[in-house]
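The lines below spell out each chain.
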Amino acid sequence: METLTRRLAGNPERYPERIVQFGGGNFLRGFVDWVVDLLNDEADFGSGIALVKATPGAYEALDAQDCLFTTWLHGVRDGQFLEQTRLISAVNRTLYPYQDFAAYLALARQPEIRFIFSNTTEAGIIFSADDMASDEPPGTFPAKLTRFLYERYRHFAGAADKGCIIIPTELIEDNGGRLRAIILDYAALWSLESGFADWVVTHNLFCNTLVDRIIPGYPAAEAEGIFAELGYEDRLLVAGEIYHSWIIEAPPSLLDEFPVDRTRTPLNVKIVADAAPYRRIKVRLLNGAHTSMVPLGILLGLESVREAMEHDALGRFIQELIFEEVIPSVSGVPRAELESFARDVFDRFLNPRIHHRLETISLNSSAKVKERILPSLLGYMEARGELPARLVVALAGFIRLYRGDLIVLNDDAEVLAWFRRLWNEAESSAALAGAVLSNRALWERDLTEAPGLVEGVSEVLDAIEAGALLDLLRRIER
């Protein structure tokens, strides 16, 4: 079977290079490049990608396939399992600053360049005082981008229309704002003329974003069968879920240049004035459901998210926790939008192609409970004036998990040692619950002040120790 190349694929069109992309990993290829490819086909976007490797080395497989690759997307939608494949031809070429820095600077001088996308991992948007303007290239991604923008600024004499729309997708809060701030720090460190900093701020748009799509990467177990259906071999085949969400904080005018609202295939890409509410929805509903099910699923002997959702008692319990307790606790977002998001979440959890282990999600649970469960619990109490019974069970499940006898826990060593001592020394479940809930270092507040919470958590702990967790989950359902 032949390997995928442009000749084999019928030489798909190469569009003018209007996009510079830092990084060529699974997420960018399976999400951002997939979106660009759809825009080219369905919205006359007409934009090719120049893909820059931000670290040493080369994208050998991508070069061997003439920058072509295939996405294989799958998921559950309205109870039905779906699969889709798509040949992605939006990437024109690769560039390697560590091998040819002159070519990298020449890219900055191309007049058509308008967009810059990146995903250099959460550790990529950092500042290093060791980076110098004379480095070819500088070490960090923001320093490389500063050098790129400065070359563009000088070549076009600070022209307003040669600024860029910069859309990072690294999974950190305020990613666009932080990237801009670091670029300005480099401008100061390198003593660049003040006009450059003014141009960066005035004529370049840095967008905060929130992205969501699970991209497992190369599907080794299924690859040969997919190749047989495609008629070619693709060693860059990238698997991912059909679900996707891209929240871009930007003026509505961005749609004039990035027409994500004009494709025949519906795209879940939103241009919004403020990404914060969408971040809150994701943390409270999706992440909150994960963190709530982890200890309970482990206590029931389950291994994965899908098993938890298919469990006759726990699956319904988690859905009711979200719809009846978490959603009522979230203010400022229409309930219909929250319910739609929740339904998508549960479809995603049931995807048979994704094996998401509960033990993996349990990493750093102490911080996750504070961020993902506690705001919903307290918000519900404020809104309804009573304890949310299911969220109390989830909180108690976390405390029981941190006894440390069910799985190997991965969290701050001091936190784990404190829980071990507490479990060994506490004289009763009430004393244990009171000690945990009063720990300001964990919660940044004294949770014993919440009426009835100590008693509620204590009762659940007693039920778990009595082997009555399953009965408790079913009783709360009614």
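Keep in mind the model is a prediction, meaning the values are calculated, not measured.

Colleague: Tell me what's going on with the overall build of the protein, and back it up with residues and numbers.
Modeller: Counting its secondary structure elements, the protein contains 21 helices and 12 strands. For the protein, whose C-alpha radius of gyration is 25 Å, the value lies close to the compact-globule estimate of 23 Å for 478 residues. Along the first, second and third principal axes, the C-alpha atoms of the protein reach 70 × 55 × 40 Å. The 478 residues of the protein split such that 56% are buried. Taking as baseline every contact in the protein between residues at least 6 positions apart, the subset at least 24 positions apart corresponds to 75%. Carbon and sulfur atoms form 47% of the exposed surface of the protein, whose accessible area is close to 20000 Å².

Colleague: So what about the nonpolar core? Which residues, and what values?
Modeller: By size, the foremost hydrophobic cluster in this structure holds 72 residues, and its most contacted members are Leu285, Phe317, Ile322, Leu395, Trp443, Leu453 and Val457. In terms of residue count, the dominant contributor to this core is helix α16 (residues 389–401) (nine residues). Discounting residues that sit within four places of it in the chain, isoleucine 322 has contacts with Arg284, Leu285, Ala289, Ile327, Pro328, Ala342 and Phe346. Listed in part, the 42 residues of the second largest apolar core include Ile19, Leu39, Val238 and Ile248.

Colleague: Describe the sheet that holds strand β4 (residues 80–88), naming the residues involved and giving the relevant values.
Modeller: One open sheet accounts for three strands, arranged β4-β3-β10; its pairing is mixed. Every other strand in the sheet has two partners, leaving β4 and β10 (238–241) as the edge strands with one partner each. Sheet twist, expressed as the average angle between the axes of neighbouring strands with direction ignored, equals 20°. By the bridge criterion, nine bridges tie strand β3 (residues 69–77) to β4 in an arrangement that is antiparallel. Residue pairing across strands places threonine 71 opposite arginine 86, the latter belonging to β4. Across the face of the sheet, helix α1 (residues 26–42) comes into contact with β3, β4 and β10 while running at roughly 80° to β4.

Colleague: Help me get a handle on the sheet that holds strand β1 (residues 17–22), residues and values and all.
Modeller: Taken in spatial order, the six strands line up as β5-β2-β1-β6-β7-β8 in an open sheet, and their pairing is parallel. Of all strands in the sheet, those bounded by a partner on one side alone are β5 (91–95) and β8 (205–206). Sheet topology places strand β2 (residues 48–52) next to β5; four bridges connect them, and they run parallel. Along β5, the bridge assignment pairs leucine 51 with threonine 94.

Colleague: Residue-level account of a nonpolar patch on the surface, with values.
Modeller: Together, Phe127, Met132 and Leu189 make up an exposed nonpolar region whose accessible area comes to about 230 Å². Secondary-structure assignment places methionine 132 in the loop between β6 (115–118) and α4 (141–155).

Colleague: Could you give me a rundown of the packing of aromatic side chains, with the residues and numbers involved?
Modeller: Scanning the model with the defined rule gives 28 aromatic pairs in all. Look at phenylalanine 115 and phenylalanine 117: their rings are 6.1 Å apart centre to centre, the planes differ by 20°, and that puts the pair in the stacked class. Here phenylalanine 117 falls in the buried class, since its relative accessible area comes to 0%. Note on phenylalanine 117 and phenylalanine 258: the rings are 6.0 Å apart at their centroids and 50° apart in plane angle, and the pair reads as tilted. Separated by 141 residues along the polypeptide, phenylalanine 117 in strand β6 and phenylalanine 258 in the loop between α8 (254–257) and β12 (269–272) bring together distant segments of the chain. Considered together, phenylalanine 117 and phenylalanine 258 belong to a single accessibility category, that of buried residues. In textbook terms, an aromatic cluster arises when at least three aromatic residues are bridged by ring pairs, as seen for Phe27, Phe31, Phe45, Phe115, Phe117, Trp246 and Phe258.

Colleague: Tell me about the packing of α4 against helix α6 (residues 194–203), residues and numbers included.
Modeller: In the contact formed by α4 and α6, the axes pass within 10 Å of each other and the chain directions differ by 105°. Considering their axes alone, α4 and α6 lie roughly perpendicular with respect to each other. Contact residues: α4 offers Thr146, Leu149, Tyr150, Arg152 and Tyr153, while α6 offers Gly195, Phe196 and Trp199. The residue inventory of the contact of α4 with α6, partitioned by class, reads five nonpolar, two polar and one charged.

Colleague: An account of the pairing of β3 is needed here, citing residue identities and associated values.
Modeller: In terms of burial, β3 is a largely internal element, eight of the nine residues being buried. Linkage of β3 to β4, two consecutive antiparallel strands, is achieved through a turn of two residues, within which aspartate 78 is found at a positive phi near 55°. Where β3 lies against β10, four bridges are found, and the strand directions are parallel. The residue bridging threonine 71 from the neighbouring strand is valine 238, located in β10.

Colleague: For the side chain of histidine 311, give the residues involved together with the corresponding values.
Modeller: Structurally, histidine 311 is set in the loop between α10 (305–310) and α11 (314–326). Since its relative accessible area comes to 18%, histidine 311 is described here as buried. Polar side-chain contacts of histidine 311 include one of 3.1 Å to the backbone nitrogen of alanine 313. Here leucine 314 takes part through its backbone nitrogen, which lies 3.1 Å from a polar atom of the side chain of histidine 311. With near-sequence residues (within four places) excluded, histidine 311 lies in contact with Leu300, Leu302, Arg316 and Leu470.

Colleague: An account of the side chain of lysine 282 is requested, with residue identities and associated values reported.
Modeller: Among the secondary structure elements, lysine 282 is positioned in helix α9 (residues 276–299). Among buried Asp, Glu, Lys and Arg side chains, lysine 282 stands out as unpaired, with aspartate 212 the closest opposite charge at 5.0 Å. Not counting the four nearest positions on each side in its chain, lysine 282 is found in contact with Leu210, Val211, Asp212, Asn287 and Phe341.

Colleague: Summarise helix α12 (residues 335–349); cite the residues concerned and give the values.
Modeller: Given 3.6 residues per turn, any residue in an α-helix points the same way as the ones three and four places further on. With 15 residues, α12 ought to run about 21 Å at 1.5 Å a step, and its terminal C-alpha atoms sit 21 Å apart, in line with that. All of the buried residues along α12 are Leu338, Phe341, Ala342, Val345, Phe346, Asp347, Arg348 and Phe349.

Colleague: Any details on the packing of helix α18 (residues 429–437) against helix α20 (residues 453–465)? Residues and values, ideally.
Modeller: Closest axis-to-axis distance for the α18/α20 pair is 8 Å, and the angle between their directions is 130°. Considering their axes alone, α18 and α20 lie oblique with respect to each other. In this structure, α18 meets α20 at a crossing whose hand is right-handed. Residues Ser429, Ala430, Leu432, Ala433, Gly434 and Leu437 of α18 form the contact with α20, whose participating residues are Leu453, Val454, Val457, Ser458, Leu461 and Asp462.

Colleague: Help me get a handle on the pattern of salt bridges, residues and values and all.
Modeller: Applying the stated criterion across every chain, the model contains 27 salt bridges. With a closest N to O distance of 3.4 Å, lysine 162 and aspartate 161 form a salt bridge. Owing to a relative accessible area of 15%, lysine 162 belongs among the buried residues under this scheme. For aspartate 161, a relative accessible area of 56% gives the class exposed. Notably, a salt bridge pairs glutamate 241 with arginine 348, separated by 2.4 Å at the nearest N-O pair. One end of the pair, glutamate 241, is in strand β10; the other, arginine 348, is in helix α12, with 107 residues separating them in the sequence. The buried category is assigned to glutamate 241, whose relative accessible area is 2%. The class for arginine 348 is buried, based on a relative accessible area of 10%. Linked through salt bridges whose partners overlap, the residues forming this network are Glu320, Glu324, Glu325 and Arg390.

What counts, and where the lines are drawn
Residues numbered from 1 in each chain as written. Predicted model: local features only at pLDDT ≥ 70, side-chain atom pairs only at ≥ 80, totals over all residues. Heavy atoms only, no water. Helix = DSSP H or I, 4+ residues; strand = E, 2+ residues; numbered from the N terminus. Rg over C-alpha atoms; globule rule 2.2 N^0.38 Å. Buried < 20%, exposed > 50% of the residue type's maximum accessible area, 1.4 Å probe, protein only. Contact = heavy atoms within 4.5 Å. Areas by Shrake-Rupley, 256 points an atom, 1.4 Å probe, with all protein chains shown as cover. Core = buried A, V, L, I, M, F, W, Y, C linked by side-chain atoms within 4.5 Å. Pairing = 2+ DSSP bridges. Axes fitted to C-alpha atoms, helices over the stretch in contact; angles between N-to-C directions. Patch = residues over 30% accessible without salt bridge, like charges linked within 9 Å, V, L, I, M, F, W, Y side chains within 5 Å. Salt bridge = Lys/Arg side-chain N within 4 Å of Asp/Glu carboxyl O. Phe/Tyr/Trp six-rings, centres within 6.5 Å; stacked < 30°, edge-to-face > 60°. Parallel < 35°, antiparallel > 145°, perpendicular 65-115°, else oblique. Nonpolar A, V, L, I, M, F, W, Y, C, P; charged D, E, K, R; others polar. Polar contact = N/O pair within 3.5 Å; in protein donor to acceptor, adjacent residues only side chain to side chain. Lys, Arg positive; Asp, Glu negative; His and termini not counted. Expected span 1.5 Å × (residues − 1). Left-handed = near helix turned anticlockwise from the far one by under 90°.

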